[in-house]
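# Reading the structure
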Amino acid sequence: MPRIVKTIPGSITAPDTVYKPLRGGVETPVAPDTLHKDTTRRPLIDSLSIPLSKDSLDAPITYEAEDSMVLDIPNKRVLLYDQATTDYKDLKLKSGIIMMDQSTQILVALPAPGLDSNGLLVQRPEFTQGQDVVTSDSMRYSMRSKKGISVNADGQEGEMFIHSQRSKKIDEKTFYAYNARFTTCDLDTPHFAFRAKRVKYISGKFAITGYTRPEFEGIPFPIGIPYGIFPLVDGQHSGLLPPAFTVNDQQGLGLTGLGYYKVISQNMDFLIKGNIYSYGSWELDLDPSYYVRYHYRGSVNFSVIDTKIAFKGDPDYQQSTNFNLQWAHSADAKAHPGQSFNASVNLMTSKYNQYQTNYVGQVYNNQIQSSVAYTKTFTGTPFYFSAAFTQNQNTQQRLWNVSLPNLNLTANTVYPFQKKNQVGPKKWYQNLGIGYNGSYQSLISFYDTAFSFKQVWDTLQWGAHHTIPITLSLPPAGPIQIAPSVSYDETWFSRQMLLHWDQKAVKVDTTIIKGFYTQRQMTYGISTSTAAYGTFNFGSGYIKAIRHVVRPTIGFSYQPDLNKGAFYSTQVDTLTYGGTVSPFQTFNKYAGGVFAPYGQGTFGGINFQLDNNLEMKVRNSKDTTGNTPYKKVKLLDAFGFSGNYNLVADSFKLSDWTIYAHSNLFNKINVAGGATLDPYQVNAAGNRVDKYVWSGGHGFSPGRFVSGYVSASTTFESKKSKGQESAQDSLLNGKDLNNPGAMSDDQRELNYIRSNPAEFANFNIPWHLSLSYSLTISRVQNANFQGWTNRTTQSINFNGDFNLTPNWKIIGSGTFSVDSYTFQFLQASVARNLHCWQMAINVTPLGYYRSFSITLSPKSGILRDLRINRTRSYYSIPQY
């Protein structure tokens, strides 16, 4: 039905009349009749010339109604009936009945007469100003003073739903409420709420209350708080962080997470947080972060843990102080095109991971790495420069390796014979290219148990490496591609390491001689490559064909022996094994340097590689149109082998074989494997002898196993069911749980998610399972050069969950060591979806840090810290 639409620009001077537009657009005065509705009504704009008065508004009001409009001229009032709407500046009012009094500039809104089938009011007044929307049983608002009163008002501020028996708006941002109820539950009858007699709301900032107490399912809690401050602002805001109670069998009762968050400016904030225990242990975290849009962002985390297990005098008493410093920084690529600066620094004492409680899985991380890097591309030139600092720390061995600075200068390949404005086809020599790569590194190594500046200076070494590659890309000779190359290498060393046999101590001693030393190497080579395709057709069955692609590469290279003086022989053992084996081995003076030394002897031989892949074409069961009846399925992404044969060597001409294979079976299972095979036999001491493994009547064998690996991983999950994303789920968006270089504040949040998976359960995915298996086998020589040792590492990792019911989820994850047949890590969780709340039970029964926790918390982001928590934990830390 057409609606009555009018605009009042000023005061009203027309006669007391009810206007109803009829067919033809002519206004006809009639008596007020709210029952009769003419279906032929059309919108009509008032064209009367109305003089302005002193009580005129400063802006026009646009109003409309479904039923009728009454102009009460003597009293200067306008009454709108049925689906009435008024618009004034940024204010909009909808209601069943609206009365406008021009003399007082007051709007009164009431619901339509009668109730609906559920016994509820119809067309309740809805007041909108900007982003704020309030619905009430009745409303009175002054357009002059911008104040108003509402009865039984309902509104929303961010995630907070607010109901009040009476509310009074005093300006655009502030209103008071009497007998107020506020909650984050979106039901008409919420599962929980806070009740207060008097509340002051400042829109977009916070709500201040007097005595407040919670209620659950309408039942008030007997204990309240004398006053409350509830944040209503989206984004960052300062405030206290409430603690959680915990119990540790070795540290006593504790408060964890107590702290304060401060927003210093829109570009910087600061967090201070700590834990404290009754036996004297404590932890302090200082976390500033900064962000400048389109320029850079970063964060710093400094953590100190002072751990006291039991009391002094107790046989089990232990005391340890550890720290951790993290700095993450990333620059926006748009700020300085062609330049970048990024940092991911992680420095800690060797036992920090054992005592930290942010993420129990960190205790198994023994390799800590840091890096700070600056890069610059010189526009218009082929040059690229980088400078970096790197650090590697083994917390189990307590060994630090620090490299500073690492400098690199690269010149991309240039073609000196190419013309700037090429006309016609290129000559073969115009594809001749030359490049350069230069690197400089300094390295220090030390144990933190015996740190001293003298030790650091003694271990300081540096090195430089220069490479000048010359390449030539010749035109293809049919299906064969030929590529000759020449390369010059030069390496600078700052020391020589000499091993010699100590006859009295019966061991190998090491002597370091510092100085400036150089080595050089020339390499000449030519390689050819091609590809061959073979197809096996199976007709029109389910399998149509299998395609095999073979990519052989054969090359010849020559390296003269320019560094024969770098090799020497020394005794490493007293045994001669019956006089058949010499206890001497050959070493390189520059082994253990920053850059690897060159190999021994002249090489002039053949390099070879054979790469394959298999694909299968099968019937597409999902095709219903006949356009794509078949689809490709990869059986093996790659498999092959590589090696070389030295034609000029006097012994050990054939190199080790390297074999590999990897595939993604059915686009679900990732499988990879590889091995290194030695074609030569070994003697009783485990050292190689110049005899093939298949010679001497031993039968054919491709080689003696040296090292290898096998890995497999897969993920299965059900289809995602329809449902709204929870606040916890939204926290996971865009976060990589395996990213070690995340900003420190993101990393803390990710660690909390890992340690408390039940609090972030996604009930929209009914079930999920991830499995991975890894096997690594290696053969390494003992540190005293006497014999060899085989090392095997084998483990199974799993992570999964499933919905027991639509609101119950079981979660589990762990690592099983096949070598020791024990669980290195195991965690089980139970999650319960309570609509606006969530219950989480997390149990870690095995490992260095064992714990049990039960948490009941709201899902809302603004009430994340309002949780009921019970935690017990226990340390089981090995002593090194």
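An account of the accompanying structure is given in this report. The structure presented is a predicted model; accordingly, all values stated were derived computationally and were not measured. (Residues numbered from 1 in each chain as written. Predicted model: local features only at pLDDT ≥ 70, side-chain atom pairs only at ≥ 80, totals over all residues. Heavy atoms only, no water.)

All right, on to the overall build of the protein chain then. When helices and strands are counted, the protein chain shows four helices and 54 strands. For the protein chain, long-range pairs separated by at least 24 residues make up 51% of all intrachain contacts whose partners lie at least 6 apart in sequence. Accessible area for the protein chain stands at about 48,200 Å²; split by element, carbon and sulfur atoms hold 59% of it. (Helix = DSSP H or I, 4+ residues; strand = E, 2+ residues; numbered from the N terminus. Contact = heavy atoms within 4.5 Å. Areas by Shrake-Rupley, 256 points an atom, 1.4 Å probe, with all protein chains shown as cover.)

Here, the word disulfide means a covalent bond between the sulfur atoms of two cysteines. Here the structure, examined in full by the defined rule, presents zero disulfides. Cysteine Cys185 remains unbridged, with the sulfur of Cys836 as its closest cysteine sulfur at 3.6 Å. The exposure class of Cys185 is buried, given its relative accessible area of 1%. By relative accessible area, Cys836 is classed as buried at 6%. (Disulfide = S-S within 2.5 Å. Buried < 20%, exposed > 50% of the residue type's maximum accessible area, 1.4 Å probe, protein only.)

What follows covers the side chain of Ser494. Tracing the backbone shows Ser494 in strand β35 (residues 481-502). Assessed through its relative accessible area of 8%, Ser494 is described here as buried. In this structure the side chain of Ser494 is engaged in a polar contact, spanning 2.9 Å, whose partner is the backbone nitrogen of Trp462. For Ser494, the residues in contact, after removing those within four places along its chain, are Gln461, Trp462, Ile513, Lys514, Gly515 and Tyr517. (Polar contact = N/O pair within 3.5 Å; in protein donor to acceptor, adjacent residues only side chain to side chain.)

Inspection of the entire model under this criterion finds eight cavities of 30 Å³ or more. If you add up the space inside the largest cavity, you get close to 330 Å³. Looking at the largest cavity, it is lined by 26 residues, and the ones nearest its centre are Phe127, Val134, Ser167, Lys169 and Phe175. When residues of the lining of the largest cavity are traced back to their parent elements, those giving at least two are β11 (126-129), β12 (132-135), β13 (138-142), β14 (147-157), β15 (160-169) and β16 (174-183). Counting residues per element, the lining of the largest cavity draws most heavily on β14, at eight residues. Residue composition of the lining of the largest cavity, by class: nine nonpolar, nine polar and eight charged. (1 Å grid on protein atoms, 1.4 Å probe; cavity = no way out; pocket = protein on both sides within 12 Å on 5 of 7 lines; lining within 4 Å. Points joined across faces, edges and corners; volume = space filled by probe spheres on them. Nonpolar A, V, L, I, M, F, W, Y, C, P; charged D, E, K, R; others polar.)

In this section: the pattern of salt bridges. All told, the structure shown has 15 salt bridges when counted by the stated rule. Lys454 is the partner of Asp458 in a salt bridge, and the nearest nitrogen-oxygen pair spans 3.1 Å. On the criterion of helical spacing, the pair formed by Asp458 and Lys454 is a turn pair, its members being four residues apart in helix α2 (residues 453-459). With a shortest N-O distance of 2.9 Å, Asp678 and Arg688 are connected by a salt bridge. Pair noted here: Asp678 is in strand β44 (residues 669-678) and Arg688 is in strand β46 (residues 688-692), with a separation of 10 residues, a long-range link. Connected through shared salt-bridge partners, Asp656, Asp678, Arg688 and Arg704 make up one network. (Salt bridge = Lys/Arg side-chain N within 4 Å of Asp/Glu carboxyl O.)

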